[in-house]
Amino acid sequence: MDRLERLRPLLPVLAVLGVPTAVMFAMYWPLPLHPYSWYDPTAFGGAHVWSLDYMGGIVRGEHALGGLTDEMGYPGMRQAQFLAWLPALIAMPLSAIWGPLGAYNMQVLFAPAIAAGFTAAWVRRATDADGWTAALAGCLYGLSPYMLATLSGGNIDKIQIGFYPCWLLLAWTLLHARRGWLVLPLFPLMGAAMAFTEPYFGLFLPLFAGPLLMLRSAWRRSLREGAWSFLALSLTGAGMVPAKSYYAMEEGMRGPLQMFQPSVIMPGIDPPMFQEPVATLRNLLIRPFAIPDDPSEVVHVSTLGLPLLIGLMVVLIPARRYRQARELGFWLLVAGIGLVVAIGSQLMIDGSWQTSPFSDGPFHLPMELLERVGYPLAKGGQYYRANPIIVLGLVTALAAGVALLDRRWKQLAWLILPLNLVHGFWASASMFPRSVEPYPGYEVLREAGADTPTDDRSGAGSRRLGVIALPAFGSQAGANARVIAGALTGLPITARAVPLHYSQEGGGVPNWVREIERGELRANEFSYLVLFKTHDASGEPEFLREPALRAWLGEPRWDTDEVAVWDLYVRNGRRPKGF
């Protein structure tokens, strides 16, 4: 019995980590059983699987930092500049176990639990909430509609949602813990991680953390806290500075990039309703407009969840009797600032941009003023991404309010979590449940890898050859296919030495095809050409489609309904047709 009593304090910790993990496992089942060979078709997942693997190669010294590469879709070239550096570093040890697809999948599955854990720890320090109330707040944050909808789109860089409570936890340690100054070196590191993973989160952080810390210091009449708070914010900003030169590098023909280039749409352009770059009242309170069924479509979901809002209002009714309830005002302030950021610098009403009612007078929307003074947000305009700030403020206020109530109210508060989940799933419409499936041609590609000979030109007989996978041109599926084909065959994807030719020669045959006919793919370390039949190839040139490939290369060595694999390697004096 004594042993059970000692374990009792650990139960909230197990809940805050276990509940989000159980929800994600249920949503993506049976992917957790096969993280290395199953996948979830999404808008960004394919590109992220490839980029995590490529950035790992940069860290290992296999690729140049910021150079041109054709690995995103041979023979097309692009500048190798990416976000999501933190997930890439996490993926390196995971890839050794589960491969690049597994490293991506594992981060998606456990991201809500990590964010929930940081939030619970922050709430425990910042309020009078007990362990179970803090666990509830953490679960509401990690499983918020925004978080689930973002991950369902394949945006792995949004695992940084956990950075907000983590940063505040560090700030609390700095201000209140004995020898708190020891955490100071972590602030610039966190700033750098934000800038190179999800820059918007880094740029939004001072907009709510600064007023929060400074007002609390003023309320406590503590000059010391104000000075330390300013130092923490300054160090975080200093850590983001190196990102400016990185994002200012040239990217192919697009010209010089500015820091935090827009990802999809800038304000002032009417987007589809499901791609609104700002949070509208409808999106925040109810649900977005109709979400497309195509999982490759980019969708912006900024819904907060009505059960969370209703629960907070219910808690505030009895909590207002308590003197300590004024503490809730600080956390509601955080939510309010997040709301101001999320609505952006222009108003969107009924699906169209409206001029600010104050534009011709002395008043302007706050974000419009920040843009005018040079705060680097105008180039992007993805203001809806401030949604986690609103949710963090709301769940912290909820926890602070519940902490003032009796046991029955605390038990009732746990009903908010499942209700908010249901509202989030409803608001995201066709995005749930997830349509996970085995990666096309997994068994065939694994067989190809086991049957691949070594390269005799290496002398030692230990050198492996590479894979080229199609579709390729600007395709998310193609990006995913390339790295998965290489991972499942156990071969690297190497395209570095093949010249780029788009011009046409006699008979309208592209030079790229002539390279195949001359065997230059094999000469440049390609072992296999893989065609994924189940991926959309509508954007591919005719000469990269199956009939042309069969005409030039003959029958594939492996051929199923999902994938065709041509062996480009010369073995025992035999050559594939066309070499």
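Here we summarise the structure given alongside this text. Keep in mind that this is a model prediction, so the values were computed, not measured.

### Things to note about unusual backbone geometry
Working step 1: Along the chain, Trp 29 connects to Pro 30 via a cis peptide bond; the corresponding omega equals 5°.
Working step 2: Tracing the sequence through the fold places Pro 30 in the loop between helix H2 (11-28) and strand E1 (38-39).
Working step 3: In this structure, Arg 179 takes a positive phi of about 60° despite not being glycine.
Working step 4: Given a relative accessible area of 57%, Arg 179 falls into the exposed group.

### Notes on helix H5 (residues 131-142)
In an α-helix, one turn spans 3.6 residues, which is why side chains three or four residues apart end up on the same side.
Working step 1: Helix length check: H5 (12 residues) gives 16 Å between terminal C-alpha atoms against 16 Å at 1.5 Å per residue, within 8%.
Working step 2: Among the 12 residues that make up H5, 11 are buried, leaving the element largely enclosed by the rest of the structure.
Working step 3: Taken together, the buried positions of H5 are Gly 131, Thr 133, Ala 134, Ala 135, Leu 136, Ala 137, Gly 138, Cys 139, Leu 140, Tyr 141 and Gly 142.
Working step 4: At the N-terminal boundary of H5, the capping side chain belongs to Asp 130, with an oxygen 3.3 Å from the backbone nitrogen of Trp 132.

### Things to note about the pattern of salt bridges
Working step 1: Enumeration over the complete set of coordinates arrives at 10 salt bridges.
Working step 2: The salt bridge partner of Arg 434 is Asp 40, with a shortest N-O separation of 3.0 Å. With Arg 434 in the loop between helix H18 (416-427) and strand E6 (437-438) and Asp 40 in the loop between E1 and helix H3 (45-59), this residue pair connects regions lying 394 residues apart in the sequence. Of the two residues examined, Arg 434 and Asp 40, each falls in the buried class.
Working step 3: Note that Lys 158 and Asp 157 form a salt bridge whose closest N and O atoms lie 3.4 Å from each other. Each member of the pair, Lys 158 as well as Asp 157, carries the same accessibility label: buried.

### Overview of the environment of Ser 428
Working step 1: Turning to its location among the elements, Ser 428 is positioned in the loop between H18 and E6.
Working step 2: Separated by 137 residues in sequence, Ser 428 and Ile 291 place their C-alpha atoms 7.1 Å apart.
Working step 3: Residue contacts for Ser 428: discarding those within four places in its chain leaves Ala 149, Ile 291 and Val 301.

### With respect to a nonpolar patch on the surface
Working step 1: The grouping of Leu 281, Leu 285, Ile 286, Leu 306, Ile 310, Met 313, Val 314, Trp 409, Leu 412, Leu 415, Leu 419 and Trp 426 at the surface amounts to a nonpolar patch, some 1,100 Å² of accessible area in total.
Working step 2: Listed by contribution, the elements that provide at least two residues to the nonpolar patch are helix H12 (281-285), helix H13 (306-319), helix H17 (407-413) and H18.
Working step 3: No other element matches the four residues that H13 contributes to the nonpolar patch.
Working step 4: With respect to the helices, strands and loops of the structure, Leu 419 is situated in helix H18.

### Comments concerning the nonpolar core
Considering soluble globular proteins, one finds that nonpolar side chains tend to be buried as a cluster.
Working step 1: By size, the foremost hydrophobic cluster in this structure holds 140 residues, and its most contacted members are Tyr 164, Trp 167, Phe 204, Phe 208 and Val 530.
Working step 2: With 17 residues, helix H4 (residues 85-126) is the single largest residue contributor to this core.
Working step 3: Leave out the neighbours within four places in its chain, and Tyr 164 touches Tyr 141, Tyr 200, Phe 201, Phe 204, Leu 205, Phe 208, Pro 388, Ile 389 and Leu 392.
Working step 4: Listed in part, the 10 residues of the second largest apolar core include Leu 529, Leu 531, Leu 544 and Trp 566.

Criteria and thresholds
Residues numbered from 1 in each chain as written. Predicted model: local features only at pLDDT ≥ 70, side-chain atom pairs only at ≥ 80, totals over all residues. Heavy atoms only, no water. Helix = DSSP H or I, 4+ residues; strand = E, 2+ residues; numbered from the N terminus. Buried < 20%, exposed > 50% of the residue type's maximum accessible area, 1.4 Å probe, protein only. Expected span 1.5 Å × (residues − 1). Polar contact = N/O pair within 3.5 Å; in protein donor to acceptor, adjacent residues only side chain to side chain. Salt bridge = Lys/Arg side-chain N within 4 Å of Asp/Glu carboxyl O. Contact = heavy atoms within 4.5 Å. Patch = residues over 30% accessible without salt bridge, like charges linked within 9 Å, V, L, I, M, F, W, Y side chains within 5 Å. Areas by Shrake-Rupley, 256 points an atom, 1.4 Å probe, with all protein chains shown as cover. Core = buried A, V, L, I, M, F, W, Y, C linked by side-chain atoms within 4.5 Å.

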